[in-house]
Amino acid sequence: MLEARNVTKRFGGLVAVSNASLEVAAGSIVALIGPNGAGKTTLFAAMTGFHKPDSGSVTFDGADITGLQPHEIARRGLVRTFQIVQPFGALSVRENIAVGAHLREPNRAAALARAGEIAIRLGMGNMLDQPAATLTVAGRKRLEVARALATSPKLILLDEVMAGLNPTEIDEIVPIIRAVRDAGTTVLLIEHVMRAVMRLSERVYVLNQGRMIAEGTPQEVAARPEVVEAYLGHGAAQRIASVSA
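So, here is what we can say about the structure in this document. Please read all numbers here as calculations on a predicted model, not as lab measurements.

## Topic: the overall build of the protein chain
Argument step 1. Scanning the protein chain from terminus to terminus reveals ten helices and ten strands.
Argument step 2. On C-alpha atoms alone, the protein chain measures out to a radius of gyration of 18 Å, which is about the 18 Å that the 2.2 N^0.38 rule sets for 245 residues.
Argument step 3. Across the protein chain, contacts joining residues at least 24 apart in sequence account for 63% of those joining residues at least 6 apart.
Argument step 4. Counting only carbon and sulfur atoms, one obtains 53% of the accessible surface of the protein chain, whose full area is about 11,100 Å².
Argument step 5. Taken together, the 26 basic and 23 acidic charged side chains of the protein chain have centroids lying 2 Å from each other.

## Focus: the pattern of salt bridges
Argument step 1. One pass over the structure, following the stated rule, counts 14 salt bridges.
Argument step 2. Arg108 is the salt-bridge partner of Glu95, the closest N and O atoms lying 3.8 Å from each other. Placement of Glu95 in helix α3 (residues 93-101) and of Arg108 in helix α4 (residues 108-121) is noted, with a sequence separation of 13 residues between them.
Argument step 3. The exposure class assigned to Glu95 is partly exposed, which follows from its relative accessible area of 26%.
Argument step 4. You can call Arg108 exposed: its relative accessible area is 51%.
Argument step 5. Linking Arg224 and Glu226 is a salt bridge whose minimum nitrogen-to-oxygen distance equals 2.6 Å.

## Remarks on the layout of surface pockets
Argument step 1. Of the voids in this model, the largest pocket is the one considered here, and its volume is about 380 Å³.
Argument step 2. Along its surface, the largest pocket is lined by 19 residues, and Val79, Arg80, Phe82, Ala148 and Thr151 are the ones closest to its centre.
Argument step 3. Sorting the residues of the lining of the largest pocket by element identifies α2 (70-76), β6 (78-80), α3 and α5 (137-149) as the ones contributing at least two each.
Argument step 4. Per element, the largest residue contribution to the lining of the largest pocket is four residues, and it comes from α2.
Argument step 5. Class assignment for the residues of the lining of the largest pocket results in eleven nonpolar, five polar and three charged.

## Some details on the nonpolar core
Argument step 1. Counting residues in hydrophobic clusters, the biggest one holds 49 residues, and the most contacted among them are Ile97, Ile156 and Met162.
Argument step 2. Leave out the neighbours within four places in its chain, and Ile97 touches Ala115, Ile118, Ala119, Leu143, Ala146, Arg147 and Ala150.
Argument step 3. If you look at the next biggest cluster of nonpolar residues, it comprises 25 residues, including Ala4, Val24, Phe60 and Leu207.

## Focus on the pairing of strand β3 (residues 29-33)
Argument step 1. Extensive coverage of β3 is indicated by the burial of five of its five residues.
Argument step 2. The alternating pattern of β3 places Ile29, Ala31 and Ile33 and Val30 and Leu32 on opposite faces, both of which are buried.
Argument step 3. Here β3 pairs with strand β8 (residues 186-190) via four bridges, running parallel. Its bridge partner being in β8, Leu32 is matched across the sheet by Ile190.
Argument step 4. One ladder, built from four bridges, connects β3 with strand β9 (residues 203-208); its direction is parallel. Note on β9: the bridge partner recorded for Ala31 is Val204.

## Details of the packing of α3 against α5
Argument step 1. Their axes nearest at 6 Å, the elements α3 and α5 cross at an angle of 40°. As judged from the angle between their axes, α3 and α5 are oblique. For the crossing formed where α3 meets α5, the hand is right-handed. Contacts between α3 and α5 pair Val93, Asn96, Ile97, Val99 and Gly100 from the former with Leu143, Ala146 and Arg147 from the latter.
Argument step 2. Each residue belonging to the contact of α3 with α5 can be placed in one class, and the counts come to five nonpolar, two polar and one charged.

## What about α5?
Argument step 1. If you check α5, its first and last C-alpha atoms are 19 Å apart, about what 13 residues at 1.5 Å a residue would give, namely 18 Å.
Argument step 2. Counting buried positions along α5 yields eleven of 13 residues, so the element is predominantly enclosed.
Argument step 3. Within the sequence span of α5, burial applies to Ala138, Gly139, Lys141, Arg142, Leu143, Glu144, Val145, Ala146, Arg147, Ala148 and Leu149.
Argument step 4. Structurally, α5 contributes buried residues whose contacts are with β6, α3, α4, β7 (155-159) and α6 (167-182).

## Considering unusual backbone geometry
Argument step 1. In this model, Glu160 sits at a positive phi of 55°, which is unusual for a non-glycine residue.
Argument step 2. Structurally, Glu160 is set in the loop between β7 and α6.
Argument step 3. You will see that Gln209, though not glycine, has its phi angle at about 50°, which is positive.
Argument step 4. As for its placement among the helices and strands, Gln209 is situated in the loop between β9 and β10 (211-216).
Argument step 5. The class of Gln209 is exposed, set by a relative accessible area of 66%.

Calculation notes
Residues numbered from 1 in each chain as written. Predicted model: local features only at pLDDT ≥ 70, side-chain atom pairs only at ≥ 80, totals over all residues. Heavy atoms only, no water. Helix = DSSP H or I, 4+ residues; strand = E, 2+ residues; numbered from the N terminus. Rg over C-alpha atoms; globule rule 2.2 N^0.38 Å. Contact = heavy atoms within 4.5 Å. Areas by Shrake-Rupley, 256 points an atom, 1.4 Å probe, with all protein chains shown as cover. Lys, Arg positive; Asp, Glu negative; His and termini not counted. Charge placed at Lys NZ, Arg CZ, Asp CG, Glu CD. Salt bridge = Lys/Arg side-chain N within 4 Å of Asp/Glu carboxyl O. Buried < 20%, exposed > 50% of the residue type's maximum accessible area, 1.4 Å probe, protein only. 1 Å grid on protein atoms, 1.4 Å probe; cavity = no way out; pocket = protein on both sides within 12 Å on 5 of 7 lines; lining within 4 Å. Points joined across faces, edges and corners; volume = space filled by probe spheres on them. Nonpolar A, V, L, I, M, F, W, Y, C, P; charged D, E, K, R; others polar. Core = buried A, V, L, I, M, F, W, Y, C linked by side-chain atoms within 4.5 Å. Pairing = 2+ DSSP bridges. Axes fitted to C-alpha atoms, helices over the stretch in contact; angles between N-to-C directions. Parallel < 35°, antiparallel > 145°, perpendicular 65-115°, else oblique. Left-handed = near helix turned anticlockwise from the far one by under 90°. Expected span 1.5 Å × (residues − 1).

Here it is as structure tokens:
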């Protein structure tokens, strides 16, 4: 469904993403992981039109979308959330979600109805008339997902939707993400909460210093020495192996 092929993105002399490739099959949940500053969000931005790749290509649903504007890509059914959640604080939860629904639904009443349906799916039915500014961090994260889902996407890119959540809140959002996929929306997520990655993902890609260094099942990737070292530093894999022996 989604394929990034040899994508490179530079900012002046900094190569944020270098020759990175990944694929996401329809109906799957795929994770993109890596240490802070690895280039994960930049790759998300390059795939969704917020940055134009300097080289490489992005294909979605059989069509080349490289260099298209974000709204054009969203209309094709590929949307993303953002690490820093910024709801329209003065609007209600319902109205915030309706902003996403308006991508395909010009009628206000229909958009608000769509917002209500999405909110209930994400466990926010009792928050619909609450001002968005009063939501907790967990509530704002759900609202960000809800607003993206209201656009009726084929594939949603989730950028650290569990960041800042406590273990109970993480346990609550994991089945919600799985239900999103089960309802027909493919999921690609950036995530640092590894227990959630292990529970949700069928395939994992690992980005480090802008380069894709590993891919495979969560179990395969977790066992790769280069992945351990990307997170814990040079020599960490050997030290762990010696302790375990």
